[in-house]
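Working through the structure, step by step
Each chain, letter by letter, is given below.
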Amino acid sequence: IYVVGETTEAAVRNKLNLESEGSHCGSAESLAEYVIKQKSCSRVIFPASTLAKDNLQKPLESAGIKVERINCYETSENTELQKLMTNLDRYQVLVFFSPSGVDSAIKYISKEDLKTKKYVSIGETTKKALGKYVENVACSKKPNLESQD
């Protein structure tokens, strides 16, 4: 079992009582490189969101590893999101954990807040998504909130 981050590693260990590897990778791209270097499999099952990017699947397939992607869940916007995003005055920093979170929330952030707030991403893919809308996005070194300075 390969995982991207420490949170998923802990979930696999605690809920499935299984060991995993790759948690140090921190991104789908790095995990793909790691899996390819291991040369230990010719086929993987990839449980994912319907919105998951192909940045894990494509490199694996290019390396000759068959990827069976299973869309396990659908990501949807919180029906209360617009209401929750209306008063950001008390926040100085906005942290985003996924590109879909950026896509859902960004339309509710004022132009002024896009210029004046600080933005943090958990992971490089989310940083790229935020970078379409704001400058100077800080990015965690690992895919967890604890790695923020």
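See above for the structure.
Being a predicted model, the structure only gives us computed values, none of them experimental.

With that out of the way, let us pick up the overall build of the protein. Of the regular secondary structure elements, the protein holds seven helices and five strands. The helix and strand sequence of the protein, counted from the amino end, reads α-α-β-α-β-α-β-α-α-β-α-β. In terms of its C-alpha atoms, the protein occupies a principal-axis envelope of roughly 50 × 30 × 30 Å. In the protein, once contacts between residues fewer than 6 apart in sequence are set aside, the share between residues at least 24 apart is 44%. Taking the average location of the 21 positive side-chain charges in the protein and that of its 20 negative ones, the two points are 2 Å from each other.

As a further point, take the environment of Glu-68. Mapped onto the secondary structure, Glu-68 falls in strand S2 (residues 66-73). Excluding residues within four positions of it along the chain, Glu-68 makes contact with Arg-43, Val-44, Ile-45 and Phe-46.

This part takes up the environment of Ala-105. Within the element layout of this structure, Ala-105 appears in helix H5 (residues 99-105). Remark: the alpha-carbon pair of Ala-105 and Asn-87, spanning 18 residues in sequence, is separated by 13 Å. Residues within four places of Ala-105 in sequence aside, it is in contact with Leu-81, Met-85 and Phe-96.

Glancing now at the sheet that holds strand S3 (residues 93-96). Read from one edge to the other, the open sheet built from three strands follows the order S3-S4-S5, with strand pairing classed as parallel. Of all strands in the sheet, those bounded by a partner on one side alone are S3 and strand S5 (137-139). Along the sheet, successive strands turn relative to each other by an average axial angle of 25°, direction set aside.

Moving on, we get to the pattern of salt bridges. Between side chains of opposite charge, a pair can form as their charged atoms come close. Following the criterion strictly, the structure yields four salt bridges and no others. Among the salt bridges present, the one from Lys-107 reaches Glu-77, with a minimum N-O distance of 3.0 Å. With Lys-107 in the loop between H5 and helix H6 (111-116) and Glu-77 in the loop between S2 and helix H4 (81-84), the pair connects residues that are 30 residues apart, well separated along the chain. Its salt-bridge partner being Lys-83, residue Glu-80 comes within 3.5 Å of it at the nearest N-O pair. The partly exposed category is assigned to Glu-80, whose relative accessible area is 37%.

Turning next to the nonpolar core. Counting 15 residues, the largest nonpolar core has Phe-96, Ile-109, Tyr-119 and Leu-130 as the members making the most contacts within it. Of all the elements in the fold, those that place two or more residues in this core are S3, H5 and helix H7 (124-131). Those residues in contact with Ile-109 that lie beyond four places of it in its chain are Met-85, Leu-88, Leu-94, Phe-96, Leu-114 and Tyr-119. Among the nonpolar cores identified, the runner-up in size contains 13 residues, and Leu-31, Ala-32, Val-35 and Leu-60 belong to it.

Let us now look at the packing of aromatic side chains. Within a pair of aromatic rings, the relevant descriptors are the distance that separates the centres and the angle that separates the planes. Applying the stated criterion across every chain yields a total of two aromatic pairs. Aromatic pair Tyr-2 and Tyr-34: ring centres 6.1 Å apart, planes at 80°, arrangement edge-to-face. With Tyr-2 in the segment before helix H1 (6-16) and Tyr-34 in helix H2 (residues 28-38), this residue pair connects regions lying 32 residues apart in the sequence. Residue classification places Tyr-2 among the partly exposed positions, given a relative accessible area of 23%.

About the cut-offs
- Residues numbered from 1 in each chain as written.
- Predicted model: local features only at pLDDT ≥ 70, side-chain atom pairs only at ≥ 80, totals over all residues.
- Heavy atoms only, no water.
- Helix = DSSP H or I, 4+ residues; strand = E, 2+ residues; numbered from the N terminus.
- Contact = heavy atoms within 4.5 Å.
- Lys, Arg positive; Asp, Glu negative; His and termini not counted.
- Charge placed at Lys NZ, Arg CZ, Asp CG, Glu CD.
- Pairing = 2+ DSSP bridges.
- Axes fitted to C-alpha atoms, helices over the stretch in contact; angles between N-to-C directions.
- Salt bridge = Lys/Arg side-chain N within 4 Å of Asp/Glu carboxyl O.
- Buried < 20%, exposed > 50% of the residue type's maximum accessible area, 1.4 Å probe, protein only.
- Core = buried A, V, L, I, M, F, W, Y, C linked by side-chain atoms within 4.5 Å.
- Phe/Tyr/Trp six-rings, centres within 6.5 Å; stacked < 30°, edge-to-face > 60°.

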